Amino acid sequence: QLQLVESGGGLVQPGGSLRLSCAASGFTLEHYAIAWFRQAPGKERGGVSCIDSSGSDTNYAHSVKGRFTISRDNAKNTVYLQMNSLKPEDTAVYYCAADTLYYCSGYAPSEYDYWGQGTQVTVSS
């Protein structure tokens, strides 16, 4: 059984930081590109960041560039999303997803094969 599990979400004040983790069970992430998506109430699920299988290439949505950093530790079978300078508009459920491709093909959710259940991030004073 293939499974992705997100963790690290929570309630933070504007300007605060969180680090999300995406851990795989039942398969190895080594050969997968991994993306983070988020979905806020009343909005469609949108791409946040992506990292290729080796970790050598990354991509960020314009709204998070300079604030978020994606990384991976294939030895730990885990991908991370470090989120700094958080804003209220970052409030959403954050999901990680795995693509069987080695590289990031884009942010169309239908292109991703495996999904976690999401972790809630709330940025509020």
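Being a predicted model, the structure only gives us computed values, none of them experimental. (Residues numbered from 1 in each chain as written. Predicted model: local features only at pLDDT ≥ 70, side-chain atom pairs only at ≥ 80, totals over all residues. Heavy atoms only, no water.)

A. Main features of the sheet that holds strand E8 (residues 78-83). Ordered in space as E1-E3-E8-E7, the four strands form an open sheet in which the pairing is antiparallel. Taken across any chain shown, the strands that pair with only one partner, and hence form the sheet edges, are strand E1 (3-7) and strand E7 (68-73). Sheet twist, expressed as the mean angle between neighbouring strand axes with direction ignored, is 15°. Alignment of E1 against strand E3 (residues 18-25), held across five bridges, turns out to be antiparallel. Residue pairing across strands places valine 5 opposite alanine 23, the latter belonging to E3. (Pairing = 2+ DSSP bridges. Helix = DSSP H or I, 4+ residues; strand = E, 2+ residues; numbered from the N terminus. Axes fitted to C-alpha atoms, helices over the stretch in contact; angles between N-to-C directions.)

B. The arrangement of the environment of valine 121 in detail. For valine 121, the location among the structural elements is in strand E11 (residues 119-123). Residue valine 121 is classed as buried on the basis of its relative accessible area of 0%. Separated by 61 residues in sequence, valine 121 and tyrosine 60 place their C-alpha atoms 18 Å apart. Beyond its immediate chain neighbours, meaning those up to four positions away, valine 121 contacts Gly9, Gly10, Leu18, Leu20, Met83, Asp90, Thr91, Ala92 and Tyr94. (Buried < 20%, exposed > 50% of the residue type's maximum accessible area, 1.4 Å probe, protein only. Contact = heavy atoms within 4.5 Å.)

C. Examining the side chain of aspartate 99 more closely. Assignment of secondary structure puts aspartate 99 in strand E9 (residues 92-99). The buried charged residue aspartate 99 lacks any salt bridge, with arginine 72 as its nearest oppositely charged partner at 11 Å. Among the polar contacts listed, one links the side chain of aspartate 99 to the backbone nitrogen of leucine 101, at a separation of 3.0 Å. Here the side chain of aspartate 99 touches serine 105 through a polar contact of 2.9 Å, side chain to side chain. Discounting residues that sit within four places of it in the chain, aspartate 99 has contacts with Tyr32, Ala33, Ser105, Glu111, Tyr112 and Asp113. (Lys, Arg positive; Asp, Glu negative; His and termini not counted. Salt bridge = Lys/Arg side-chain N within 4 Å of Asp/Glu carboxyl O. Polar contact = N/O pair within 3.5 Å; in protein donor to acceptor, adjacent residues only side chain to side chain.)

D. Structural context of unusual backbone geometry. One non-glycine residue, asparagine 77, lies in positive phi territory at about 55°. In this structure, asparagine 77 sits in the loop between E7 and E8. On the basis of relative accessibility, which here comes to 14%, the residue asparagine 77 falls in the buried class. One non-glycine residue with positive phi stands out, namely serine 85, at about 50°. Of note, serine 85 is situated in the loop between E8 and E9.

E. Representation of a nonpolar patch on the surface. Together, Leu101, Tyr102 and Tyr103 give the surface a local cluster of nonpolar side chains, amounting to about 320 Å² of exposed area. Owing to a relative accessible area of 49%, tyrosine 103 belongs among the partly exposed residues under this scheme. (Patch = residues over 30% accessible without salt bridge, like charges linked within 9 Å, V, L, I, M, F, W, Y side chains within 5 Å. Areas by Shrake-Rupley, 256 points an atom, 1.4 Å probe, with all protein chains shown as cover.)

F. Quick look at the state of the cysteines. Considering all chains together, one arrives at two disulfides under this definition. Between the sulfur of cysteine 22 and that of cysteine 96 lies a disulfide, 2.0 Å long from S to S. Residues cysteine 22 and cysteine 96 are joined by a disulfide whose S-S torsion is about 70°; by sign, that bridge is right-handed. Here cysteine 22 is found in strand E3, whereas its partner cysteine 96 is found in strand E9, with 74 residues between them in sequence. Linked covalently through their sulfurs, cysteine 50 and cysteine 104 form a disulfide whose S-S length is 2.0 Å. Classification of the bridge connecting cysteine 50 and cysteine 104 rests on its S-S torsion, roughly -100°, and on that basis the disulfide is left-handed. Note that cysteine 50 is positioned in strand E5 (residues 46-51) and cysteine 104 in the loop between E9 and strand E10 (114-115), a separation of 54 residues in sequence. In the protein chain, the bonded cysteines, taken in the order they occur along the sequence, pair up as 1-3, 2-4. (Disulfide = S-S within 2.5 Å.)

All quantities given are derived from atomic positions and should not be read as evidence of function.
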